[in-house]
Amino acid sequence: MITMNSHSNDIDYSNGYMEPEEEWEREGLLDPAWEKQQKKTFTAWCNSHLRKAGTAIENIEEDFRNGLKLMLLLEVISGETLPKPDRGKMRFHKIANVNKALDFIASKGVKLVSIGAEEIVDGNLKMTLGMIWTIILRFAIQDISVEEMTAKEGLLLWCQRKTAPYKNVNVQNFHLSFKDGLAFCALIHRHRPDLIDYHKLSKDNPLQNLNTAFDVAEKYLDIPRMLDPEDLINTPKPDERAIMTYVSCYYHAFQGAQQVKMHMTNTAMPDERAIMTYVSSYYHCFSGAQKAETAANRICKVLKVNQENERLMEEYERLASDLLEWIRRTLPWLQSRQADNSLSGVQKRLEEYRTYRRKHKPPRVEQKAKLETNFNTLQTKLRLSNRPAYMPTEGKMVSDISNAWKGLEQSEKSFEDWLLSEMMRLERLEHLAQKFKAKADTHEDWTRGKEEMLQSSDFRQCKLNDLKALKKKHEAFESDLAAHQDRVEQIAAIAHELNTLEYHDSTSVNIRCQRICDQWDRLGNLTQKRRTDLDDAEKILEKIDILHLEFAKRAAPFNNWLDGTREDLVDMFIVHTVEEIQGLIDAHGQFKATLSDADKEYNSIIGLVKDVESTVQKYQIPGGLQNPYTTLTSTDLSKKWSEVKLLVPQRDTTLQAELRKQQNNEMLRRQFAEKANQVGPWIERQMDAVTAIGMGMHGSLEDQLNQLNQYEQNVFAYKPHIEELEKIHQAVQEGMIFENRYTHYTMETLRVGWEQLLTSINRNVNEVENQILTRDSKGITQEQLNEFRASFNHFDKNRTGRLAPEEFKSCLVSIGYSIGKDRQGEIDFQRILAVVDPNSTGYVHFDAFLDFMTRESTDTDTAEQVIDSFRILAGDKPYILSDELRRELPPDQAEYCIQRMAPYKGVNAVPGALDYMSFSTALYGESDL
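Everything quoted here is computed from the prediction, not taken from an experiment.

Caption draft 1: Structural context of the pattern of salt bridges. Within the structure shown, the criterion is met by 56 salt bridges. One salt bridge in this structure joins Glu601 and Arg554, with 3.3 Å as the shortest N-O distance. Placement of the pair is Glu601 in helix α23 (residues 595-619) and Arg554 in helix α21 (residues 546-570), with a sequence separation of 47 residues. Taking relative accessible area as the criterion, Arg554 reaches 22% and is therefore assigned partly exposed. Of the charged contacts in the structure, one is a salt bridge between Asp868 and Arg871, with a shortest N-O distance of 2.8 Å. Of this pair, Asp868 and Arg871 both sit in helix α31 (residues 863-873), three residues apart, which is roughly one turn of the helix. Connected through salt bridges with shared partners, the residues Arg357, Lys361, Glu412, Glu726, Glu748, Arg751 and Glu755 form a single ionic network.

Caption draft 2: Spatial organisation of the nonpolar core. Residues Ile135, Phe178, Phe184, Ile188 and Tyr250 are the most contacted members of the largest nonpolar core, which totals 80 residues. Tallying contributions element by element places helix α7 (residues 125-141) first for this core, with 12 residues. Setting aside its immediate chain neighbours within four residues, Phe178 contacts Cys159, Val171, Asn173, Ala183, Phe184, Leu187, Leu210, Ile243 and Val247. Within the second largest apolar cluster, 48 residues are counted, among which are Leu668, Trp682, Ile728 and Leu757.

Caption draft 3: Geometry of helix α8 (residues 151-163). Here α8 is 13 residues long and its end C-alpha atoms lie 18 Å apart, about the 18 Å a rise of 1.5 Å per residue gives. Where α8 is concerned, the buried positions are Ala151, Gly154, Leu155, Leu156, Leu157, Trp158, Cys159, Lys162 and Thr163.

Caption draft 4: Focus on the packing of helix α4 (residues 68-78) against α7. Direction vectors running N to C along α4 and α7 enclose 10°, while the axes themselves pass 11 Å from each other. Here α4 is positioned roughly parallel relative to α7, judged by the angle of their axes. In this structure, the crossing between α4 and α7 has a hand that is right-handed. In this structure, α4 contributes Leu70, Leu74, Ile77 and Ser78 to the contact, and α7 contributes Met131, Ile135 and Phe139. In terms of residue class, the contact of α4 with α7 is made up of six nonpolar, one polar and no charged.

Caption draft 5: Spotlight on the packing of aromatic side chains. All told, the structure shown has 33 aromatic pairs when counted by the stated rule. Ring centres of Trp446 and Phe477 lie 6.0 Å apart, and the angle between their planes is 0°; this geometry places the pair in the stacked category. Note that Trp446 is positioned in helix α16 (residues 398-447) and Phe477 in helix α18 (residues 464-483), a separation of 31 residues in sequence. For the pair formed by Trp446 and Phe477, the shared burial category is buried. Through a chain of ring-to-ring contacts, the aromatic side chains of Phe174, Phe178, Phe184, Phe214, Tyr246, Tyr250 and Phe254 assemble into a single cluster. Against the face of Tyr843 rests Arg802, its NZ or CZ located 3.8 Å from the ring centre.

Caption draft 6: Layout of the side chain of Thr577. One can find Thr577 in the loop between α21 and α22 (578-593). On the basis of relative accessibility, which here comes to 17%, the residue Thr577 falls in the buried class. Among the polar contacts listed, one links the side chain of Thr577 to the backbone nitrogen of Glu580, at a separation of 3.1 Å. Contacts of Thr577, omitting those with residues within four sequence positions, involve Gln662 and Arg669.

Caption draft 7: Looking closely at the confidence of the model for the protein chain. Summary statistics for the protein chain give a mean pLDDT of 81 and a share of 87% for residues scoring 70 or more. Contacts of residues 540-544 to residues separated by more than four positions or lying in other chains number 19 contacts, the stretch itself having pLDDT below 50.

Caption draft 8: Molecular detail of the UniProt feature "coiled-coil region" (unreviewed entry) in the protein chain. Mapped onto the present numbering, the UniProt feature "coiled-coil region" (unreviewed entry) falls on residues 302-329. Split by type, residues 302-329 is 100% helix and 0% strand. Its first and last C-alpha atoms lie 41 Å apart.

Caption draft 9: Structural context of the side chain of Gln893. Here Gln893 shows up in helix α33 (residues 891-900). Among the residues examined, Gln893 registers a relative accessible area of 7% and is labelled buried. If we ignore the near neighbours within four places in the chain, the residues touching Gln893 are Cys300, Leu303, Lys304 and Gln307.

Caption draft 10: Representation of unusual backbone geometry in the model. The residue Asn168 is not glycine, and still its phi comes out positive at about 70°. Looking at the secondary structure, you find Asn168 in the loop between α8 and α9 (182-191). Despite not being glycine, Asn908 shows a phi value in the positive range, around 65°. Position of Asn908 relative to the elements: it lies in the loop between β5 (902-903) and β6 (914-915). On the accessibility criterion, Asn908 (64% relative accessible area) is exposed.

Caption draft 11: Region of interest: the environment of Cys897. Here Cys897 shows up in helix α33. Sequence spacing of Cys897 and Leu885 is 12 residues, and the spatial spacing of their C-alpha atoms is 7.9 Å.

Scoring rules and cut-offs
- Residues numbered from 1 in each chain as written.
- Predicted model: local features only at pLDDT ≥ 70, side-chain atom pairs only at ≥ 80, totals over all residues.
- Heavy atoms only, no water.
- Salt bridge = Lys/Arg side-chain N within 4 Å of Asp/Glu carboxyl O.
- Helix = DSSP H or I, 4+ residues; strand = E, 2+ residues; numbered from the N terminus.
- Buried < 20%, exposed > 50% of the residue type's maximum accessible area, 1.4 Å probe, protein only.
- Core = buried A, V, L, I, M, F, W, Y, C linked by side-chain atoms within 4.5 Å.
- Contact = heavy atoms within 4.5 Å.
- Expected span 1.5 Å × (residues − 1).
- Axes fitted to C-alpha atoms, helices over the stretch in contact; angles between N-to-C directions.
- Parallel < 35°, antiparallel > 145°, perpendicular 65-115°, else oblique.
- Left-handed = near helix turned anticlockwise from the far one by under 90°.
- Nonpolar A, V, L, I, M, F, W, Y, C, P; charged D, E, K, R; others polar.
- Phe/Tyr/Trp six-rings, centres within 6.5 Å; stacked < 30°, edge-to-face > 60°.
- Lys NZ or Arg CZ within 6 Å of the ring centre and 35° of its normal.
- Polar contact = N/O pair within 3.5 Å; in protein donor to acceptor, adjacent residues only side chain to side chain.
- pLDDT = per-residue confidence, 0-100.
- UniProt positions renumbered as here; feature names shortened; annotations may be inferred.

As structure tokens, then:
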């Protein structure tokens, strides 16, 4: 909606049309066609005002040379009195008069850098036209604005809205769009349809259209003919300034007349004075449209803000619901600890978790950041538009989302810890199960046939020597049995540990362990019983073969040593460091050092057998080769000794392979540590730099925003380092590496630091953008903003971005607020505190502090102002009609008001009357959302 800012004293030089002196200087000489159009248009415009004083000009570059008519023109259009002119005819008198006119123009906020009095006195046409264009801008065009647009854009938008319903009219500029004359005719027909029959006009006859419009405007609207139809048609691109000057006369004539007409329509019996006022308004009243236009503009602005806020609220609700629902669905999966108790099952869940971290979570991190950014933007817009703070529905507050997100991250940490501990537990279980099986197989091989042997009655048919041999053999068996006691206890201990760790196949383990223990008990009982039987028969069996006995005694422990050695050489092991495997290698080296002594013992035992064979062969002893004291033979010992010598180099190979594996793991640890020790400090430095920028220590807000954007680009450029570290971390986990003494950084801490860095940058960017929005919308300068930031940072000693109540009070006092130390002063301070900390968090953040300071120094829309605006549109009635809303407001916003306004039920209500007062009050009340 277009408004007239009649109280403005400064010209906006934000575009080319508001910088006349600089543009004239750049152009050098005007285009001849444009110069002709401007000269005619500007002359007619000046005469339209000078005739009010009973005079006129004929030649624009000559008649202003003495400065008299120039001063008179300024007095007429401004309504103010200029200093008394010099009446002399000398050159210096003329320069003095022109300088008085130029000084008056400068006093209205207009800078005339390249235009001097000497050029005007010398009749410089270019400079004279530039001066007149500056006057037209200041007194005829500048006051036209639409929302936050420039004067040119406001006038263009007025033309677009007024000519929108007309066929063949499309106003996009102030040159070609008016060349065929239909736009001028449409403007006249829109306001005075009785003057022109628009439907009879043709786009193919521009000369007739232009003459019709110019003649009607001059005859009925008192707008002088400022343009020449032939010039417009024959010029490829008509002069914008000439057309803008002429169109502004249409604007002032129609807008001024419209308000006067509205006043007369609402009067039951207009008197002669009212009619005279209406008639004179066509000629003099330009300010009447200002109030209606200002009122409509205010309503459009308020409704547009309200509609945008409602859209942002609905978007926040949708995003919050979606994110919370995703967290609700994800938590049960992360909190589940059910598995099939197998290593492959846990590895599958670990891979699923990696997929979740790589693919499913990152989009949700972006969604959470967008949600927080939208929420902060919405709250800032609500504060700037003097609306109450937005309160999301229950369970969808930012704090609720933060708590839910924190719970999600805690569940992730707990789930990952559980997966790693479960893998370690199951790996140990598999190792123990293999160890149990190996020891059980060895034991069962050893016990196979032992029960039958102990239950045998063979000693009853033996001779004395055979009986003694059986007794010695039994003694050797008892030694062997005692030696196997440790193995049985180890088997039972391993089975107990598997049960404690809940091995998935513990049932079969328990059955086998119980079978071994029961057999072991039977072997003990049978051994004791057989010894008793042999002791009873020992009285008749006396001869003992010394050589066989010596062999049995020495072969049995050596055989046990061989069995134990074979078990140790094939025993499984699990290590996690180079030091541990090196310890095993050192122990194996010590074992190999004892092999020479073992070889001597082996040769000594074999020597006993050879002595027996020699004796038997020499004396031909029947059955003498059979050792009655043991079942071991030299063949058994030789076979086992050969196996031991083969297993020793195999063990060397296994240990060296494990050493290479641990060395590779060590390399992975160092590789991860080297990269992590680079990435970790880099993230910390970036976080410190972003925090420093967030404290406002780096130039203007735009500089801070540019720096934050640069940091954001640097962070995204650094992401390949994070991805490289993730690949190394995956290799570390696949290698079952659980500790790293070369760095205190873990992948989890680096991920959290990375996410916090992204969140910090987004949050600071949002805060700076909101501060820029606050600064620009409230009209505060960069110096004021720097002063606010400096005061805030001075009392923010801990650099937390917030102030405690006492720090905030000291800050207010430092910038000039007078807060008494009495009870009334405390009441005033609590009132201010309730504004800047409405949620009673106990802290005041900088955006709330800035909002408070800008609110103290700027004006904002209020419900009372909106009610006054509606009252102007309604012609001072306590109600407003649908037709009035549709006539003054854009279609979408008019329908928005009609749908939401309650029927007016007061005195003198008419059918269709709408209550604009309750509607305006509701705009500043609590939001439906």
